[in-house]
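So the chains spell out like this:
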Amino acid sequence: MDFLRPRGLAEALAIRARRPDAVPIRGGTDLMVELNFDRGRPGALLDLGRLDELDGWDRDGDTIRVGAGLPYQRIVAELATALPALAMASRTVGSPQIRNRGTVGGNLGSASPAGDAHPPLLVSDASIEVASVRGARRIPATEFYQGVKRSALAADELIVAVHLPAAAGPQQFAKVGTRNAMVIAVCSLALALDPATERVRVALGSAAPTPRRCAEAERFLTAELADRRWWTVGTPVSEPVLRRFGALVAAAAAPIDDVRGTADYRRRALAVLARRTATWSLREYRQGGRTCA
Amino acid sequence: MTVNGTERVVDDVWAGESLLYVLRERAGLPGSKNACEQGECGSCTVYLDGAPVCACLVAAGQAAGRQVRTVEGLCDGDALDVVQQAFLAAGAVQCGFCTPGLIVAAHDLLARNPAPDDATIREALSGNLCRCTGYEKILDAVRLAAARRAGREVAR
């Protein structure tokens, strides 16, 4: 096994094209477990740890570009106001030690349905910037996830950054696990209110082969808010409406029974998370201020 | 890489081995412990470029040219760090296996937040497991270390 240590993105992309057996590593929080337990033995490790191009984040107007190698800890510390759902999700990843190493780029590269960053990226209409020796392209988050641990990333591409708009309205992320820290999601959910378009966006994680948006539920609550002139007048949204919203989110899931929970439990929990996060977000928009999962 | 302030060169490193293996088996620093090998238990916690990480999840090659500080590097000669002393004084050490990782995590917490509340302490130590379940005394030790650090600052 080789350890390949490119000094810049161009060199990394050249290696990526030449060595299909090389597996990219940055934080290592997924990949090193595989190696430690001898579950896989790639031909080479492609260390992305020295690529400045993946570092940091910047803001251009309303759009924020998060480098694929930015550790979760820095998202929590620096982007909680601009990207509330992603920051809340980052806050639930592993432990402080894991958050100091793990990255959104790694979450995307693994494309596990349980990755915490995915639902926030989906409700933010994020796009994923990827590059190869053939050039760069942007993949909408809604098209990135293609199956369990399968993504639209081509074999010669590397994930460079994520682009997403700064939040224009309330956002929430909620996750169910067996305890508060160090858990892989049994199920998770992100919700965003967009005052500019007067739309609701909601996405679920760890309850289908891929993280996914819940289109029916979005249409339903968006229409209910419009009917009530909620955005301008603020007519309260009734409990039955919120319950219906929760039921539609649960219906968008396609969960399985596994070691972390049953399919039935996941559907039920998603309905609760949807109702709860909607309640918090609607209240936050009307009252200002912020509540946090 | 630089370990506890000293430049170290290690040979014959396999590309897939961890920083933890290098520290324990090649650099003669067995303070960081090897247990879960999946980032769950925190017993291998070390500073990498100033941030606490699980050494078992860092590929050895990724540490090349970086600064590593292990539990052995917290003391000043024979003088233990205030966090180490507090763990002894509070009886926060039972079998001792989780102690090095907890001490590095607590050391980092107090460097960032000299007066943490209990929820903050629990959160900061959430990635470190103690199978003896001596958590109450571990919390006592962190509170004691915080108080002693504060006293030392005042004394200056």
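Residues numbered from 1 in each chain as written. Chains lettered and ligands numbered in written order. Predicted model: local features only at pLDDT ≥ 70, side-chain atom pairs only at ≥ 80, totals over all residues. Heavy atoms only, no water.

1. Description of the overall build of chain B
Secondary structure assignment for chain B yields five helices and five strands. If you list the helices and strands of chain B from N to C, you get β-β-α-β-β-β-α-α-α-α. Relative to a compact globule of 156 residues, whose C-alpha radius of gyration would be 15 Å, chain B shows 15 Å and is just as compact. Reported as C-alpha extents along the three principal axes, the dimensions of chain B are approximately 45 × 35 × 25 Å. At a minimum sequence separation of 6, the contacts of chain B that also span at least 24 residues come to 57%. Accessible surface computed for chain B: about 7,100 Å², of which carbon and sulfur atoms make up 49%. Each charge sign in chain B was given a centre, from 15 positive and 19 negative side chains, and these centres are 5 Å apart. (Helix = DSSP H or I, 4+ residues; strand = E, 2+ residues; numbered from the N terminus. Rg over C-alpha atoms; globule rule 2.2 N^0.38 Å. Contact = heavy atoms within 4.5 Å. Areas by Shrake-Rupley, 256 points an atom, 1.4 Å probe, with all protein chains shown as cover. Lys, Arg positive; Asp, Glu negative; His and termini not counted. Charge placed at Lys NZ, Arg CZ, Asp CG, Glu CD.)

2. Comments concerning the packing of aromatic side chains
One pair of aromatic rings is described through two measures. These are the centre distance and the angle between the planes. All names here are of chain A. Under the definition given, this model contains four aromatic pairs over all chains. On the numbers, 5.5 Å between centres and 85 degrees between planes, the contact of F144 with Y145 is edge-to-face. This pair shows no difference in class: F144 is buried, exactly as Y145 is. Measuring from centroid to centroid gives 5.3 Å for W230 and Y285, while their planes differ by 35 degrees, and the two rings are tilted. Residue W230 is found in the loop between α9 (215-227) and α10 (239-252), and its partner Y285 is found in helix α11 (residues 263-287); the two are separated by 55 residues along the sequence. Taken together, W230, W231 and Y285 form an aromatic cluster joined through their ring pairs. Here the guanidinium or amino end of R286 rests over the ring plane of W230, the centre of that ring lying 5.2 Å away. (Phe/Tyr/Trp six-rings, centres within 6.5 Å; stacked < 30°, edge-to-face > 60°. Buried < 20%, exposed > 50% of the residue type's maximum accessible area, 1.4 Å probe, protein only. Lys NZ or Arg CZ within 6 Å of the ring centre and 35° of its normal.)

3. Quick word on the domain arrangement of chain A
Residue and element names in this part refer to chain A. According to the domain assignment, chain A consists of domain 1 (2-40 + 57-165) and domain 2 (171-287). The C-alpha-based centres of domain 1 and domain 2 are spaced at 24 Å. Of the residues lining the interface, 24 residues belong to domain 1; the matching set on domain 2 comes to 26 residues. When the shortest N-O distance is used, the salt bridge between D116 and K175 registers 2.9 Å. The interface formed by domain 1 and domain 2 holds nine residue pairs in polar contact (both at pLDDT 80 or more) in total. Listing elements by their share of the side of domain 1 that touches domain 2, those giving two or more residues are α4 (84-91), α7 (118-123) and β8 (145-147). The element contributing the most residues to the side of domain 1 that touches domain 2 is α7, with five residues. Looking at the side of domain 1 that touches domain 2 residue by residue, the class counts come to 14 nonpolar, eight polar and two charged. (Domains from an automatic or database assignment. Salt bridge = Lys/Arg side-chain N within 4 Å of Asp/Glu carboxyl O. Polar contact = N/O pair within 3.5 Å; in protein donor to acceptor, adjacent residues only side chain to side chain. Nonpolar A, V, L, I, M, F, W, Y, C, P; charged D, E, K, R; others polar.)

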